[in-house]
Amino acid sequence: MLPNLFYFATSELSQDAVLCWLLSWADMKHKESHPHLHDVAKDLISLIYRRAKVEVPIDFSSIDIRKQDGGIDVLCIINKEIAILIEDKVGTKQHSDQLARYKDHVFSKLGFAGDKVILVYIQTGDQSDYIEVEKHGYLTLGRQDLLNVFESESGKLAKSQSDIFRDFSDYIRQIEDDVQSYLVLPPSEWSWNSWKGFYTEIQLQLQAGKWDYVANPAGGFLGFWWYFVGTDECEVYLQLEQDKFCFKISVDDADKRRDLRQYWYEQISSKCQNYEIKARRPDRFGNGQYMTVAILDQEYRIVNSDGFINMEDTLKILKSAQSVIDGCLSTV
């Protein structure tokens, strides 16, 4: 592979800069000199307009690009009329009150009316959900949305006009391929990104759950948790810790933790037999609010004859574990 600038320029600030650079090509004054880059930039802005359900201008006669105005990653003012506020992420998530602050800056400090502002959240990495983002009125553009523009006919032609654009497009494609690699690699060879792709697909299929990095003294893991149900004394739920499948409980009352963890271990290990799965006791019981009470004693990632993930059969195992919890609760 040829050296790629963005294998080294991986920070959010680097991506802010390339987005500013790319959007600036939409200005009509670049149409003749660099028609393909102009078209790609126009296509990206047009996509934003359409997602916001705002009529796309006939042309972009004025493009004013501002970086870090009021802390905003990218501010793109179109035809001196519409402000596109872009919050740009490369895998991290929104934090504190930044989305509200940036929105307020455009309205109160720059004086744009509400119908003249488009709020955009670009994520070229991955995150579990966009509930908070959408709550603040931002539309989301993910990696695949960018690739749909970058790998269009205009995008393919633009690569011949700019090494920077080619490198950025290829870099985003490499991330996407790595995330989707859980489909074409044996589970033992999955990367961190493969796990993200796998969890995202599970979340989609189950229509439930969240995933994120979980820190611990051993170095942490990428976890996926779902199916929270409970009693008056505790909450029971399921958690994937990459290759480990855990049955867990959450208990507020410290005095009840010892008895409840033993009770739920016995209930779960017994009920698993009804659903043709096996559970074992953890190597050691914890004694905090969140405790693993049983671990699935078999591989839950079912593979096909080629050794690649069989999502249908894998989901059956996950749903069997849900049924185990339902069976336990029916006897409480």
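Residues numbered from 1 in each chain as written. Predicted model: local features only at pLDDT ≥ 70, side-chain atom pairs only at ≥ 80, totals over all residues. Heavy atoms only, no water.

Trainee: In this structure, what is going on with unusual backbone geometry? I would like to understand it.
Mentor: Most peptide bonds take the trans form, and the phi angle of most residues other than glycine is negative. The phi torsion at Lys 53 lies on the positive side, around 60 degrees, for a residue other than glycine. Mapped onto the elements of the fold, Lys 53 is located in the loop between helix 2 (35-51) and strand 1 (63-69). The class of Lys 53 is exposed, set by a relative accessible area of 76%. We note that Asn 79 has phi near 50 degrees; this positive angle belongs to a residue other than glycine. Tracing the backbone through its elements, the reader meets Asn 79 in the loop between strand 2 (72-78) and strand 3 (82-89). (Helix = DSSP H or I, 4+ residues; strand = E, 2+ residues; numbered from the N terminus. Buried < 20%, exposed > 50% of the residue type's maximum accessible area, 1.4 Å probe, protein only.)

Trainee: Quick question: what am I supposed to make of the pairing of strand 11 (residues 290-296) here?
Mentor: The two faces of a sheet get side chains in turn, since along a regular strand they alternate between them. Within strand 11, six of the seven residues are buried, which leaves it mostly tucked inside the rest of the structure. Alignment of strand 9 (residues 244-250) against strand 11, held across five bridges, turns out to be antiparallel. Bridge pairing in strand 11 places Ser 250 opposite Tyr 290. (Pairing = 2+ DSSP bridges.)

Trainee: So what exactly am I meant to see when it comes to helix 8 (residues 192-206) here?
Mentor: An ideal rise of 1.5 Å per residue puts 21 Å on 15 residues; helix 8 measures up with 21 Å between its terminal C-alpha atoms. Counting buried positions along helix 8 yields eleven of 15 residues, so the element is predominantly enclosed. The set of residues buried in helix 8 consists of Asn 193, Ser 194, Trp 195, Lys 196, Gly 197, Phe 198, Tyr 199, Glu 201, Ile 202, Gln 203 and Leu 206. The secondary structure elements touched by the buried residues of helix 8 are helix 7 (163-179), strand 6 (210-214), strand 7 (221-230), strand 8 (235-241) and helix 10 (311-329). Among the residues trailing helix 8, Gln 207 stands out with phi positive, at a value near 55 degrees. (Expected span 1.5 Å × (residues − 1). Contact = heavy atoms within 4.5 Å.)

Trainee: How should the sheet that holds strand 9 be read in this particular structure?
Mentor: Strand pairing in a sheet relies on backbone hydrogen bonds. The paired strands run either parallel or antiparallel. The strand order 6-7-8-9-11-10 describes an open sheet built from six strands, whose pairing is antiparallel. Each having just a single partner strand, strand 6 and strand 10 (279-280) make up the two edges of the open sheet. Against the sheet, helix 8 makes contact with strand 6, strand 7 and strand 8, and its axis sits at roughly 20 degrees relative to strand 7, the strand it touches most. Across the sheet, helix 9 (residues 257-272) lies against strand 8, strand 9, strand 10 and strand 11, angled at about 20 degrees from strand 11, the strand it touches most. (Axes fitted to C-alpha atoms, helices over the stretch in contact; angles between N-to-C directions.)

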